[in-house]
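A look at the structure
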Amino acid sequence: MGKVKIKRKSTLIDMTAMSDVTVLLLTFFMLTSTFLQKEPVTVLTPSSVSEIKVPMTNTTTVLISPEGKVFLSVAGDADSTYSSEKVRAELVRTAVAEYNKTHSKQVQLTNEQVAKFSKMNMFGIRIADLPAFLDLPQIKQDEVLTDMNNPSTGIPVDDNKDLAKPNEFQIWMRAIYNSSNPNLESSIKSGEGIAIKADKDTPYTTVHDVLDNLQTLKMNKFSLMTALKTEND
């Protein structure tokens, strides 16, 4: 008696629908995720039990490297009225104008240089060196900002108390506070608008100077960014 042949069924699975779902999920996460902003130096913050998150808008982040170099990051509103780029463009013009009042060597920025500055998430360069720095290509700018041995890198800060002759950190912070963005000013007043991010090995003297400068400017409310403490800490 002959064997009965059983017709084999196709094992091919149509993956078209699965591919469509994958693409949709990928698009969703790309549009809704907040990407980590590039910073000139890696900072290992001390740990704490606080779970309060720093706002993503209307915030000024003061980054202090392990070598004691100071950098600033300024974020405006999410909408276009007081966007981050508009706030930064106004900020650099105000800071340069304030700097020129107390320095004989005047600094002038072109509209193109201002536009380049407005796209910088984080900056830390002496004001006198800004024009030459902004003329550099992006790769060279990154090299300057990450070179902790470069004397131009980092915003100068000291224990100055004379606001008639402010240091550069005070110039930048005062320009940020006096921006035309009312939400940024309100955020600073409430204590949510300034976040200090320092490495656990950052020299205490630099951190002290930053805090002392903020108090001199009557900015007495700010946050200290930390990493969430784990069971092993």
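Note that residues are indexed from 1 along each chain, following the sequence as it is written. For a predicted model such as this one, the threshold for reporting local features is a pLDDT of at least 70, and the threshold for listing and counting side-chain atom pairs is 80 or more; totals across whole chains, interfaces and linings nevertheless cover every residue. Think of the side-chain values as coming from all heavy atoms in the structure, minus any hydrogens and water.

**Concerning the nonpolar core**
- For our purposes a nonpolar core is just a set of buried Ala, Val, Leu, Ile, Met, Phe, Trp, Tyr and Cys residues, chained together by side-chain atoms within 4.5 Å. Burial classes: relative accessible area under 20% of the type maximum marks a residue as buried, over 50% as exposed, and values in between as partly exposed (1.4 Å probe, protein chains only). Counting 45 residues, the largest nonpolar core has Val 62, Leu 72, Phe 123, Phe 169, Trp 172 and Met 173 as its most contacted members.
- Helix and strand definitions follow DSSP, with helices as H or I runs of at least four residues and strands as E runs of at least two, each counted in order from the N terminus. In terms of residue count, helix α2 (residues 84-101) provides more of this core than any other element does, seven residues in total.
- Two residues form a contact once any of their heavy atoms are found within 4.5 Å. Those residues in contact with Leu 72 that sit more than four places away from it in its chain are Thr 60, Thr 61, Val 62, Asn 121, Met 122, Phe 123, Ile 155, Phe 169, Trp 172, Met 173 and Ile 176.

**Remarks on the pattern of salt bridges**
- Salt bridges are defined by distance alone: a side-chain nitrogen of Lys or Arg within 4 Å of a carboxyl oxygen of Asp or Glu. Tallied over the entire structure, the rule returns six salt bridges.
- Note that Glu 98 and Arg 174 form a salt bridge whose closest N and O atoms lie 3.3 Å from each other. Taken together, the residues span a long stretch of sequence, with Glu 98 in helix α2 and Arg 174 in helix α6 (residues 168-177) at a distance of 76 residues.
- Residue classification places Glu 98 among the partly exposed residues on the basis of a relative accessible area of 22%.

**Considerations on the pairing of strand β5 (residues 194-198)**
- Most of β5 is tucked away: five of the five residues are buried.
- Judged by which residues are buried, β5 turns out to be covered on both faces: Ile 194, Ile 196 and Ala 198 on one side and Ala 195 and Lys 197 on the other are all buried.
- In this structure, strand β2 (residues 59-64) lies alongside β5, joined through five bridges in parallel fashion. Residue pairing in the sheet places Thr 60 in a bridge with Ile 194 of β5.
- At least two DSSP bridges between two strands are needed for those strands to be called paired. Summarising the sheet, β5 and strand β6 (residues 223-224) pair through two bridges and their orientation is parallel. Bridging across to β6, Ile 196 finds its partner in Leu 224.
- Handedness of the β-α-β unit built from β5, helix α8 (residues 204-216) and β6 comes out right-handed. Handedness of a crossover is defined as follows: orient the strands so they point away from the viewer, and if the path from the first strand over the helix to the second runs clockwise, the crossover is right-handed.

**Here we look at the packing of aromatic side chains**
- Any two rings among Phe, Tyr and Trp, with Trp reduced to its six-membered ring, count as a pair given centres within 6.5 Å; such a pair is stacked if its planes are under 30 degrees apart, edge-to-face if over 60, and tilted if neither. Enumeration according to the criterion identifies three aromatic pairs in this entry.
- With a centroid separation of 4.8 Å and an interplanar angle of 55 degrees, the aromatic rings of Phe 117 and Phe 123 are classed as tilted.
- The exposure class of Phe 123 is buried, given its relative accessible area of 2%.
- Seen from their ring centres, Phe 117 and Trp 172 are 5.7 Å apart, and the 10 degrees between their planes marks the pair as stacked. With Phe 117 in helix α3 (residues 111-118) and Trp 172 in helix α6, this residue pair connects regions lying 55 residues apart in the sequence. Here Phe 117 matches Trp 172 in class, with each residue buried.

**Here's the deal with the sheet that holds strand β3 (residues 70-75)**
- Strand order in this open sheet of five strands is β4-β3-β2-β5-β6, and the pairing throughout is mixed. For this open sheet the edge positions go to β4 (122-123) and β6, each flanked by a neighbour on one side alone.

**Quick word on the environment of Asp 159**
- Counting through the fold element by element, Asp 159 comes out in the loop between α5 (138-146) and α6.
- On the accessibility criterion, Asp 159 (53% relative accessible area) is exposed.
- A sequence separation of 52 residues divides Asp 159 from Leu 211, and the C-alpha atoms of the two residues are 9.7 Å apart.

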